[in-house]
Amino acid sequence: MARGYRNYRGRTSKGKIALAVFLVFIILAALSALAMQRYIAYDENGIPFFRLSERQTDPAPPAEAPPVQDPDSSDSLEIIVQEPEEPEAPPAFQVYSLTTAPLTPAAWEAARAEMGDAFGGVTVTLKDARGTVYFASQTAAEKAVKTVQGTTEALRTITGDENLYAIARLSCLPDSFAPYMNNNPMGLKKKSGQMFRSGGTTWLDPGKPASRAYLCGLVREIAELGFDEILLTDTGYPIQGELDTISYGSDPIEGNLSLLWQDLRQTLEPYGVKLSIELPESVISDGQEAASGLVLAQAVSCADRIYAVTEPGQAGILSNLVLQAESVTENRVQEFLPELTAPDAGWNGPFLLLPAAE
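In this text, all values refer to a predicted model and were calculated from it rather than measured experimentally. (Residues numbered from 1 in each chain as written. Predicted model: local features only at pLDDT ≥ 70, side-chain atom pairs only at ≥ 80, totals over all residues. Heavy atoms only, no water.)

Novice: What is the right way to read the packing of aromatic side chains from this model?
Specialist: When we look at a pair of aromatic rings, we describe it by the centre distance and by the angle of the planes. Summed over the entire model, instances satisfying the criterion amount to 3 aromatic pairs. Relative to tyrosine 165, the ring of phenylalanine 93 has its centre 5.7 Å away and its plane inclined at 85 degrees; by these criteria the two rings are edge-to-face. Here the residue phenylalanine 93 occupies a position in the loop between strand E2 (48-50) and strand E3 (94-97), and tyrosine 165 occupies one in strand E5 (residues 165-171), the gap between them amounting to 72 residues. Classification of tyrosine 165 as buried rests on a relative accessible area of 18%. Plain terms: the ring middles of tyrosine 237 and tyrosine 248 are 5.6 Å apart, the flat faces sit at 65 degrees to each other, and that makes the pair edge-to-face. Linking tyrosine 237 in the loop between strand E8 (229-233) and helix H5 (253-268) with tyrosine 248 in the loop between E8 and H5, this pair joins segments that are 11 residues apart in sequence. (Phe/Tyr/Trp six-rings, centres within 6.5 Å; stacked < 30°, edge-to-face > 60°. Helix = DSSP H or I, 4+ residues; strand = E, 2+ residues; numbered from the N terminus. Buried < 20%, exposed > 50% of the residue type's maximum accessible area, 1.4 Å probe, protein only.)

Novice: I'm lost on unusual backbone geometry in this one. Help?
Specialist: Leaving glycine aside, a negative phi is the common case for residues, and trans is the common case for peptide bonds. Residue asparagine 182 is not a glycine yet carries a positive backbone phi of 55 degrees. Inspection of the secondary structure assignment puts asparagine 182 in the loop between E5 and strand E6 (197-198). Accessibility expressed as a relative area gives 61% for asparagine 182, which makes it exposed. The backbone of aspartate 234 sits at a positive phi, close to 55 degrees, despite the residue not being glycine. Position of aspartate 234 relative to the elements: it lies in the loop between E8 and H5.

Novice: Where do I start with the pairing of E8 in this structure?
Specialist: Every regular strand shows the same layout, with side chains that alternate between the two sheet faces. Across the 5 residues of E8, 5 count as buried, placing the element largely inside the fold. Residue alternation in E8 divides its side chains into two sets, Glu229, Leu231 and Thr233 and Ile230 and Leu232, and both sets are buried. Of the pairings in the sheet, the one linking E5 to E8 comprises 5 bridges and is parallel in character. Its bridge partner being in E8, isoleucine 167 is matched across the sheet by glutamate 229. Pairing of E8 with strand E9 (residues 274-278) involves 4 bridges; the strand directions are parallel. Residue glutamate 229 lies in a different strand from E9, and its bridge partner there is lysine 274. (Pairing = 2+ DSSP bridges.)

Novice: Mind showing me how you'd approach the environment of glutamine 334 here?
Specialist: Mapped onto the secondary structure, glutamine 334 falls in the loop between helix H8 (312-326) and strand E13 (335-340). Between the alpha carbons of glutamine 334 and alanine 303 there is a distance of 8.6 Å; along the sequence they are 31 residues apart. Not counting residues up to four positions away in its chain, the partners in contact with glutamine 334 are Lys274 and Asp304. (Contact = heavy atoms within 4.5 Å.)

Novice: How should the side chain of glutamate 221 be read in this particular structure?
Specialist: Inspection of the secondary structure puts glutamate 221 in helix H4 (residues 209-225). Notably, glutamate 221 is buried but unbridged: the nearest opposite-charge side chain belongs to arginine 220, and the N-O separation is 8.1 Å. With residues near it in sequence (within four places) discarded, glutamate 221 still touches Phe135, Ser137, Gln138 and Thr139. (Lys, Arg positive; Asp, Glu negative; His and termini not counted. Salt bridge = Lys/Arg side-chain N within 4 Å of Asp/Glu carboxyl O.)

Novice: Help me understand helix H3 (residues 151-159), please; the structure alone is not making it clear to me.
Specialist: Along an α-helix, residues three or four apart share an orientation, since each turn contains 3.6 residues. Residues of H3 that are buried include every one of Thr151, Ala154, Leu155, Ile158 and Thr159, and no others. Relative to the axis of H3, the buried residues are bounded by an arc of 130 degrees and lie together on one face. (Arc of directions from axis to C-beta.)

Novice: I keep staring at the confidence of the model for the protein chain and nothing clicks. Help me out?
Specialist: The predicted structure's coordinates, where accompanied by low pLDDT, should not be read in detail. In this model, the protein chain carries a mean pLDDT of 85, and residues with pLDDT of at least 70 account for 75%. Predicted confidence is poor over residues 1-11, with pLDDT under 50, and the contacts of this stretch with residues over four places away or in other chains come to 2 contacts. Note that pLDDT drops below 50 for residues 54-58; the model gives that stretch 0 contacts with residues more than four away or on any other chain. (pLDDT = per-residue confidence, 0-100.)

Novice: Sorry, what's going on with the sheet that holds E5 here?
Specialist: Working definition: the strands of a sheet are paired by backbone hydrogen bonds and lie parallel or antiparallel to each other. Pairing in this closed barrel of 8 strands is parallel, and the strands run E3-E4-E5-E8-E9-E12-E13-E14 around the ring. Neighbouring strand axes in the sheet, compared pairwise and without regard to direction, differ in orientation by 25 degrees on average. Sheet strands in contact with H8 are strand E12 (305-309) and E13, and its direction is about 155 degrees off that of E13. (Axes fitted to C-alpha atoms, helices over the stretch in contact; angles between N-to-C directions.)

Novice: I tried to follow the state of the cysteines on my own but got confused; where do I start?
Specialist: Simply put, the disulfide is a covalent bond whose two ends are the sulfur atoms of two cysteines. Applying the stated criterion to the full structure yields 0 disulfides. With no disulfide of its own, cysteine 172 has cysteine 216 as its nearest cysteine by sulfur position, at a separation of 9.8 Å. What makes cysteine 172 buried here is its relative accessible area of 1%. (Disulfide = S-S within 2.5 Å.)

Novice: What is the right way to read the side chain of aspartate 128 from this model?
Specialist: Within the secondary structure, aspartate 128 sits in the loop between strand E4 (121-127) and H3. Although aspartate 128 lies buried, it forms no salt bridge, and the closest oppositely charged side chain, arginine 130, sits 5.9 Å away as judged by the N-O distance. Among the polar contacts listed, one links the side chain of aspartate 128 to the backbone nitrogen of arginine 130, at a separation of 3.0 Å. Dropping the residues within four chain positions of it, aspartate 128 is found in contact with Thr100, Tyr134, Ser171 and Pro174. (Polar contact = N/O pair within 3.5 Å; in protein donor to acceptor, adjacent residues only side chain to side chain.)

Novice: Any chance you could explain a nonpolar patch on the surface here in plain terms?
Specialist: Residues Leu19, Phe22, Leu23 and Ile26 make up a contiguous nonpolar surface patch of about 390 Å² in total accessible area. Residue position: isoleucine 26 is located in helix H1 (residues 14-36). (Patch = residues over 30% accessible without salt bridge, like charges linked within 9 Å, V, L, I, M, F, W, Y side chains within 5 Å. Areas by Shrake-Rupley, 256 points an atom, 1.4 Å probe, with all protein chains shown as cover.)

Novice: Would you mind showing me how to read the pairing of E5 here?
Specialist: The element E5 is largely enclosed, with a buried count of 7 among its 7 residues. By the alternation rule, side chains of E5 split into Tyr165, Ile167, Arg169 and Ser171 and Ala166, Ala168 and Leu170, which are all buried. Note: E4 against E5, 6 bridges, orientation parallel. For valine 124, the partnering residue across the bridge sits in E5 and is alanine 168. On the question of chirality, the crossover connecting E4 to the parallel E5 by way of H3 is right-handed. (Right-handed = clockwise from strand over helix to strand, strands pointing away.)

Below, the structure written as structure tokens:
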């Protein structure tokens, strides 16, 4: 190499190095300022202040969207269950009583118009307290039957009305005709052997099988006419007259009446006809009547309904007594119906309206 020449090794001045360091510092400061920007907040006066970020928590998972239902699917139908409304109480069952006489179509038409829609049932007397029979019976004595032209037709019209509850009233033991049938095997007699009379009327003896068979024959014919219910009246022994002269027999009179009611009930069972018993108000109040042999508990166990002629104010009391007797028996009775001469606010339950003349 020629003398006087050396390799050139460039020398950096100290000013350049300082400038480079300063630029690096500026860059780092700018980056730091940008990084710290999210920690700077301002108060209500606009003065900045430094705030550390709150600890981050894991974000809650997004709520699941409800499934989209196919509008044509049965599952998408909205089912609304409507609460049942309280049913209105049905009107009280009311029974209209026809007068005791042979029935004709014209008489029934007039009575039906008078009844209107207020009465859901009707009572027809088919045997009265003298023993007169008001239908074409083959069981009763010929002299006992009292009918007119159209009687059978009128009775069939009543029993054929599906919207009408038909009740036949049957007086049981007082009878001026049957005791003399077939050489007197049915009559209630004195100890002397003569027929006993009370109020001028002879009586059937319920302790005699022939008497029970006679009454069973009548109720069978009535059931075949299509009646829904048979109401027995005058079912007890007589309570007036020379009672000490009566030959009651060796069996208790209460048992004789129970046998009668049971025979009648068994006769009606194949027909689905209800059996009801009318009792004196005093028998229901006292529970029994010694002279007549009537016992409330026995009647309740045999009958589907109990009836009694009473006043509206007493109907509720008698109804409760019947229900109390029912609770200690076979629970056959379904309800009590008072027999009233006129409807009254003192009783709002079912009732039987008696004819004005009776």
